[in-house]
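Structural overview for review
Take a look at the letters that make up each chain.
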Amino acid sequence: MTTLETPRPVVGEGINRVDAPLKVTGAAHYPNDFSYPGMVHAALVGSTVAAGRIRSIDASDAQSAPGVLTVITHLTAPQLERGPMTLLGPSPPAPMQDDRVLHYGQHIAIVVADSPEQARHAASLVRVEYGETDALLDAEDPRAQLVDNPWGLDTERGDVAAGFAQADVVIDERYTTPDNTNNPLGLMTTIAAWHGDSVTVHDSTQWPHNVRTSLAQIFQIPENGVRVLAPFVGGGFGAGLRVWSHTVLTALAAREVKHPVKLVLTRPQMFTSVGHRPNSVQQIKIGATSSGDLVAVEHHSISSVAMEDDDYEPVAFGSAVSYACPNALTRDQQARLNIPCPGSMRAPAEGQGNFALESAIDEAANAIGMDPLEFRLRNYAEDHPVLGLPWSSKALRDCYTLGAEKFGWSRRTPEIGSMRDGQWLIGYGMAGVSYPYYQVPCQARASVRRDGSAYVVSAATDIGTGTYTVMTQLAAELLGLEVGKVRFDLGDSDMPYAPQAGGSGLTGALANAVHAACGKLIQEFLDVVRDDDDSPLRGVSAEGVTVSGGRLHQTSAPDQGEAYADILARHGLEELSADGRSTPPDPQKIGMATAGAFGAKFVEIRIDPHLGLLRVARVVTAVDGGRILNEKTATSQINGGTVGGISQAMFEATATDAGTGRIANATFGDYLMPVNADIPDMDVIFCGAPDRATKAGTKGVGEVGLVGMAAAIGNAIYHATGRRLRALPFTIDQLL
């Protein structure tokens, strides 16, 4: 096997982002920054009822408004295919195919005009009459259709009833979480430009290949006739994982008017057009003995889903694999409602389910008088509770112990309200954290050019996670080059296939593909010189080669080698390239349960009991993320997730008017999110070793930073006040 390490590892160092100069100088082009000659602009018309039919739609005033090229409604739109089945489930329904209205804000018309202002004005002139029907807006509405076990992930092991019968303490409580909206800073943008029967699309997507495949099927054109570009995306948090109707309508409008068309969603439209974290109603029951052994866990969840769409959100499933409990049952249901299509939002499912589980674990520990940390350690799952296999990596025990030491958990006094600082009540809370393993096939291409530089590409996206940087580092280390000699490019569907930037799965999949591509590239160089009498590497096998300093040399004789550039020049080659691919390992074949990230959250909160003010004073997060490719960007991911968790716990709730289905707080002025003053000191500790399941050894950390924050804050509130809050977000009225 080729030895790919360099004497001075590049991976792991917290180097600055390689794309930072482009961003800080304004040279990084986001979808909204692109333009085409003759480009025109589009605006959307959204329904003003949540359920019913369009009785009539009059676009005559809009059509005759200044600058308007066309108005497309369900009356004039062509028949469109629904997009394909994807790794995340079915595509959303094709837009504007009939007169039905399924949610407030549904796109019912698109207006194209010379300028964005003209398009928006004309959109306001479209007149619609509805035949309104009663809307289903509550997941617990008995009229709502329930979808049982939507993904086949319901679990049951042992005898749950017998487990509860032997429990000394039983916690049986209801927890609720509201809708949250992703709200990346950059408004989602699509530009579509047709060239005959092919189309180029700039899109705020986290998955260029999905846009390519979807538009090809929707418009019945070959996939190689669609090119999707997303070199920079202004955030996403899951909002860019699906091909939403505004992207389809932009491409449709561009084909209709035979001009490039640009559409930028408004902030209120972001609340109804690109998904949201669905609400959940969870009933969780935990049984424990007086000595602290979990004997039974039962977790039921109902979450919301759109009338004719699907969303992967197994809220209860995490409770089946988190602890070594012999008797466990998890059940997930979805309630079909007249709401905008939900979608993944950072830490989907786990963000909701962990809140209920880790709050209930804290309740059980308090009920038997055991330290919450000790209770979790006592019920630690050494092996995967469902598969019965050892984890490919799991340093959660280290996360607990090292995180507790860093935080000073031993200073916690167990009595409720026993810790104070003047008028402030102080609470310590914690939560165990995990995020499921997710990895799918991925491809990458690596090249070394005659000047000795390397170029590596894959059709991934970087939504701020640091993909540009960590893949540059990894390729540099694998090829024995300085970071400055490597360029990594992404965000183009013409590049080798890459999955979505989501599910904490891209880094692992892409790192393994880059690893494979670089290994094959080194073999390509050895193949070139295999019969070269002038090469000191003639006939040398890959197992006997090391790379460093831009050259290959014999491991046993470092002076016997030569540079990439010299090999290329002597053989008259401009470059050599190799393709690599990764596939997820099969747990049964490798004898290990593939592991996602694990971690522990430790939180100190302060409460003014007279005013109900809640402040998070500090947070320590200990994370097992496998091999950390860049400690600086990984820390940034954990801190960003922590901020999102504070926001979920204390601020965010998308408010839907019960009478109309209208989202009542669909602006940054009304939708609460934390500001800098709400964010405390944050410490991050990385624990564990490279994951054993793959050569790259990485585990994604994009989601795990958010998971557990809501529960840890809620547990700290209980420690400070004795109040157990089971509904997010935690608000002043709950604390008074």
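Residues numbered from 1 in each chain as written. Predicted model: local features only at pLDDT ≥ 70, side-chain atom pairs only at ≥ 80, totals over all residues. Heavy atoms only, no water.

It is worth spelling out the overall build of the protein at this point. The helix and strand tally for the protein stands at 17 helices and 30 strands. For 736 residues, the compact-globule estimate of 2.2 N^0.38 gives 27 Å, and the C-alpha radius of gyration of the protein, at 27 Å, lies within 12% of that figure. Along the first, second and third principal axes, the C-alpha set of the protein runs to 80 × 75 × 50 Å. Burial analysis of the protein (736 residues in total) assigns 61% to the buried set. If you take every contact in the protein between residues at least 6 apart in sequence, the share linking residues at least 24 apart comes to 80%. On the protein, roughly 27,200 Å² of surface is accessible, and the fraction owed to carbon and sulfur atoms is 50%. If the 57 positive side-chain charges of the protein are averaged to one point and the 83 negative ones to another, these points end up 2 Å apart. (Helix = DSSP H or I, 4+ residues; strand = E, 2+ residues; numbered from the N terminus. Rg over C-alpha atoms; globule rule 2.2 N^0.38 Å. Buried < 20%, exposed > 50% of the residue type's maximum accessible area, 1.4 Å probe, protein only. Contact = heavy atoms within 4.5 Å. Areas by Shrake-Rupley, 256 points an atom, 1.4 Å probe, with all protein chains shown as cover. Lys, Arg positive; Asp, Glu negative; His and termini not counted. Charge placed at Lys NZ, Arg CZ, Asp CG, Glu CD.)

Here we come to the sheet that holds strand β2 (residues 52–58). Pairing is antiparallel in the open sheet, where three strands are placed in the order β6-β2-β8. With one partner strand each, in any of the chains shown, β6 (100–101) and β8 (127–132) form the two edges of the open sheet. Looking at chain direction, β2 and β8 are connected through six bridges and run antiparallel. Along β8, the bridge assignment pairs arginine 53 with glycine 131. (Pairing = 2+ DSSP bridges.)

Interaxial distance between helix α11 (residues 467–479) and helix α12 (residues 506–528) falls to 10 Å at its minimum, and their mutual angle equals 30°. Relative to α12, α11 is oriented roughly parallel. Of the two possible hands of crossing, α11 and α12 adopt the one that is right-handed. Contacts from Thr467, Met471, Leu474, Ala475, Leu478 and Leu479 of α11 reach α12 at Leu506, Thr507, Leu510, Ala511, Val514, His515, Cys518, Leu521 and Ile522. (Axes fitted to C-alpha atoms, helices over the stretch in contact; angles between N-to-C directions. Parallel < 35°, antiparallel > 145°, perpendicular 65-115°, else oblique. Left-handed = near helix turned anticlockwise from the far one by under 90°.)

Let us look at the sheet that holds strand β26 (residues 557–563). Sheet architecture is open: three strands sit in the order β24-β25-β26, paired in antiparallel fashion. Only two strands of the sheet have a single partner each, and these edge strands are β24 (545–548) and β26. Strand-to-strand twist across the sheet, computed as the mean angle between neighbouring axes with direction ignored, equals 35°. Judged from the four bridges that link them, β24 and strand β25 (residues 551–554) form a sheet pairing that is antiparallel. Bridging from a neighbouring strand, valine 547 pairs with leucine 552 of β25.

Now for the environment of alanine 20. Looking at where alanine 20 falls in the secondary structure, it is placed in helix α1 (residues 20–24). The sequence separation of alanine 20 and tyrosine 468 amounts to 448 residues, and the corresponding C-alpha distance is 10.0 Å.

Moving on: the packing of helix α8 (residues 350–367) against helix α16 (residues 709–721). Between two packed helices, what matters for the description is the angle formed by their axes and the separation of those axes. In contact at an axis separation of 8 Å, α8 and α16 are set at 30° when each is read in the N-to-C sense. One finds that α8 runs roughly parallel with respect to α16. Considering the relative orientation of α8 and α16, their crossing is right-handed. Of the residues in α16, those touching α8 at Asn354, Phe355, Glu358, Ser359, Asp362 and Asn366 are Ala710, Ala711, Asn715 and Tyr718. In terms of residue class, the contact of α8 with α16 is built from four nonpolar, four polar and two charged. (Nonpolar A, V, L, I, M, F, W, Y, C, P; charged D, E, K, R; others polar.)

Here we come to the side chain of arginine 346. Tracing the backbone shows arginine 346 in the loop between β18 (328–337) and α8. Nearest to the buried, unbridged arginine 346 among oppositely charged side chains is glutamate 703, at 6.0 Å. Within the structure, the side chain of arginine 346 is placed 3.1 Å from the backbone oxygen of glutamine 637, a separation counted as a polar contact. Reaching out from arginine 346, the side chain makes a polar contact with the backbone oxygen of glycine 702 at a distance of 2.8 Å. Aside from chain neighbours lying at most four places away, what touches arginine 346 is Phe237, Arg277, Gln637, Gly640, Gly641, Gly702, Glu703 and Leu706. (Salt bridge = Lys/Arg side-chain N within 4 Å of Asp/Glu carboxyl O. Polar contact = N/O pair within 3.5 Å; in protein donor to acceptor, adjacent residues only side chain to side chain.)

Bringing the pattern of salt bridges into the picture now. Counting across every chain of the model gives 32 salt bridges. Linking arginine 449 and glutamate 575 is a salt bridge whose minimum nitrogen-to-oxygen distance equals 3.6 Å. You can see arginine 449 sitting in strand β21 (residues 442–449) and its partner glutamate 575 sitting in strand β27 (residues 575–582), a full 126 residues away along the chain. On the accessibility criterion, glutamate 575 (37% relative accessible area) is partly exposed. Two residues, glutamate 574 and arginine 450, come together in a salt bridge whose shortest N-O distance is 3.7 Å. With glutamate 574 in the loop between α13 (564–570) and β27 and arginine 450 in the loop between β21 and β22 (454–457), this pair connects stretches of sequence that are 124 residues apart. Judged by its relative accessible area of 32%, arginine 450 is partly exposed.

Roughly 550 Å³ of volume is contained in the second largest pocket. Taken together, 27 residues make up the lining of the second largest pocket; nearest its centre are Pro93, Ala94, Pro95, Leu102 and Gln106. Only β7 (107–113) and α7 (267–273) provide two or more residues apiece to the lining of the second largest pocket. Tallied by class, residues from the lining of the second largest pocket come to 14 nonpolar, nine polar and four charged. (1 Å grid on protein atoms, 1.4 Å probe; cavity = no way out; pocket = protein on both sides within 12 Å on 5 of 7 lines; lining within 4 Å. Points joined across faces, edges and corners; volume = space filled by probe spheres on them.)

As enumerated under the stated definition, the model contains 14 aromatic pairs in all. Plain terms: the ring middles of tryptophan 194 and phenylalanine 219 are 5.8 Å apart, the flat faces sit at 80° to each other, and that makes the pair edge-to-face. Highlighted residues: tryptophan 194 in strand β12 (residues 189–195) and phenylalanine 219 in the loop between α5 (208–218) and β14 (226–229), separated in sequence by 25 residues. One exposure class covers both tryptophan 194 and phenylalanine 219, and it is buried. By way of ring pairs, the aromatic residues Phe407, Trp409, Tyr428 and Phe602 are connected into one cluster. Arginine 255 extends its terminal NZ or CZ atom over the ring of tryptophan 194, reaching a point 5.8 Å from the ring centre. (Phe/Tyr/Trp six-rings, centres within 6.5 Å; stacked < 30°, edge-to-face > 60°. Lys NZ or Arg CZ within 6 Å of the ring centre and 35° of its normal.)

We now examine the pairing of strand β30 (residues 681–686). Examined bridge by bridge, strand β29 (residues 613–624) and β30 share six bridges and lie parallel to one another. Note that in β30 the partner of arginine 618 across the bridge is aspartate 681. Handedness of the β-α-β unit built from β29, helix α15 (residues 631–650) and β30 comes out right-handed. (Right-handed = clockwise from strand over helix to strand, strands pointing away.)

Within an α-helix, residues lying three or four positions from one another point in the same direction, as the helix has 3.6 residues per turn. The terminal C-alpha atoms of α11, which comprises 13 residues, lie 18 Å apart, in line with the 18 Å expected from a rise of 1.5 Å per residue. Downstream of α11 by a residue or two, glycine 480 has a phi angle that is positive, lying close to 70°. (Expected span 1.5 Å × (residues − 1).)

This paragraph deals with the nonpolar core. As a rule of thumb, soluble globular proteins bury nonpolar side chains together. Core analysis: the biggest nonpolar cluster contains 68 residues, and Ile286, Phe375, Ile605, Leu614, Ile713, Ile717 and Phe730 have the highest contact counts within it. The leading source of residues in this core is α16, at eight residues. Setting aside its immediate chain neighbours within four residues, leucine 614 contacts Ile605, Arg606, Ile607, Met650, Ile713, Ile717, Phe730 and Leu735. Counting residues in hydrophobic clusters, the runner-up holds 51 residues, among them Cys442, Val448, Val486 and Ala513. (Core = buried A, V, L, I, M, F, W, Y, C linked by side-chain atoms within 4.5 Å.)

What follows concerns the side chain of arginine 412. Tracing the backbone through its elements, the reader meets arginine 412 in the loop between α10 (396–407) and β19 (420–421). We classify arginine 412 as buried; its relative accessible area is 11%. Residue contacts for arginine 412: discarding those within four places in its chain leaves Asn366, Asp371, Pro372, Met419, Tyr428 and His719.

Don't take any of this as a statement about function, it's just geometry.
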